[in-house]
Structure formats: C-alpha cells, structure tokens
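# Architecture and fold: a report
So you can see what is in the structure, the chains are spelled out below.
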Amino acid sequence: MTTSYNPLHDPASDAHAWTPPLDVAIDRARKVLDEKAAANIHDRDEMIRAATGLEMVLRDLLNALDKEAGR
C-alpha cells in the first residue's frame, strides 16, 4: 500500500540494532518525557520532534522489557 506520507516507524528500514538495558531505557524515557512536556502544542515542528522522540524511547523501553522477559 502506498501512502502520501512517511510513517514514524517503518519496520523494514528502522530495525533496532541495539537494545538498552532496562534501567537505561527507563531513565531515558523519563528524561525525554520531561523534555517534551514543555513542547508548544501549537508549533507543528515541536510536535513532530516530540512525537518522534517519544516514539523512539517508547520502542526502546518496550524492547528492553521484552528482553528482560526473555521474549
């Protein structure tokens, strides 16, 4: 299926090469969440950066949890 936009994540080209340890992933997620909380909701570019940053740390966090659980 062809779309007129680029998705935040494309599994075919955005594979994770490294999964952080769970404590590192949690710390990073908290840091990025705090950073992005101040983003201006009326600024398109800030919202794109916030969405991208949060998506990345959420993926790292879920990958770290999966690794910790042995999945």
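What comes next concerns the included structure. (Residues numbered from 1 in each chain as written. Predicted model: local features only at pLDDT ≥ 70, side-chain atom pairs only at ≥ 80, totals over all residues. Heavy atoms only, no water.)

### Concerning the overall build of the protein
To keep it simple, the criterion reads: Strands here are runs of E lasting at least two residues and helices are runs of H or I lasting at least four, both read from the DSSP assignment and numbered beginning at the N terminus. It only takes one pair of heavy atoms within 4.5 Å for two residues to be counted as in contact.
A count of helical and extended segments in the protein gives two helices and zero strands. In the protein, 63% of the contacts between residues at least 6 apart in sequence involve partners at least 24 apart.

### Notes on the environment of glutamate 55
Applicable threshold: Three labels apply to residues, based on accessible area from a 1.4 Å probe with only protein chains included: buried if under 20% of the type maximum, exposed if over 50%, partly exposed otherwise in between. As used in this structure description, the phrase polar contact means that two N or O atoms lie within 3.5 Å; if the pair is within protein, one of them must be able to donate a hydrogen and the other to accept it, and residues adjacent in sequence are counted only when both atoms belong to side chains.
Tracing the backbone shows glutamate 55 in helix α2 (residues 44–68). According to the relative accessible area criterion, glutamate 55 is buried, its value standing at 16%. The sequence separation of glutamate 55 and alanine 29 amounts to 26 residues, and the corresponding C-alpha distance is 9.7 Å. One polar contact links glutamate 55 to arginine 59, side chain to side chain, over a distance of 2.3 Å.

### A short note on a nonpolar patch on the surface
Basically, it comes down to this: Residues enter patches when they are more than 30% accessible in relative terms and free of salt bridges; like-charged ones are connected within 9 Å and nonpolar ones (Val, Leu, Ile, Met, Phe, Trp, Tyr) within 5 Å. Note on areas: Shrake-Rupley with a 1.4 Å probe; residue coverage comes only from the protein chains shown. By definition, a salt bridge exists where a carboxyl oxygen of Asp or Glu is found within 4 Å of a side-chain nitrogen of Lys or Arg.
On the surface, a nonpolar cluster with roughly 260 Å² of combined accessible area is contributed by Leu58, Leu62 and Leu65. One can find leucine 62 in helix α2. Judged by its relative accessible area of 45%, leucine 62 is partly exposed.

### Looking at the pattern of salt bridges
Overall, the coordinates contain two salt bridges when judged by the stated rule. In this structure, glutamate 55 and arginine 59 form a salt bridge, with 2.3 Å as the shortest nitrogen-oxygen distance. Here glutamate 55 pairs with arginine 59, and both are found in helix α2, just four residues apart, close to one helical turn. Across the salt bridge formed by arginine 71 and aspartate 66, the nearest N and O atoms sit 3.2 Å from each other. You can call arginine 71 exposed: its relative accessible area is 75%. Classification of aspartate 66 by relative accessible area gives partly exposed; the value is 29%.

### Focus on the packing of helix α1 (residues 22–36) against α2
What counts is decided by this rule: Orientation is described by axes fitted as lines to C-alpha atoms, over the contacting stretch for helices, and by angles from 0 to 180 degrees between their N-to-C directions. Angles below 35 degrees are treated as roughly parallel, those above 145 as roughly antiparallel, those between 65 and 115 as roughly perpendicular, and all remaining angles as oblique. Left-handed describes a crossing in which the near helix is turned anticlockwise from the far one by less than a right angle; the clockwise case is right-handed. Side-chain classes follow a simple rule in which Ala, Val, Leu, Ile, Met, Phe, Trp, Tyr, Cys and Pro form the nonpolar group, Asp, Glu, Lys and Arg form the charged group, and the remainder, Gly included, forms the polar group.
Taken N-terminus to C-terminus, the directions of α1 and α2 make an angle of 160°; their axes are 9 Å apart at the nearest point. It follows that α1 is roughly antiparallel to α2 by the angle criterion. Handedness of the crossing formed by α1 with α2: left-handed. On α2, the residues touching Leu22, Ala25, Ile26, Arg28, Ala29, Val32, Leu33 and Lys36 of α1 are Arg49, Ala50, Gly53, Leu54, Val57, Asp60, Leu61, Ala64, Leu65 and Glu68. For the contact of α1 with α2, the residue count by class is 12 nonpolar, one polar and five charged.

Interpretation note: all reported values are geometric properties and have no functional meaning in isolation.
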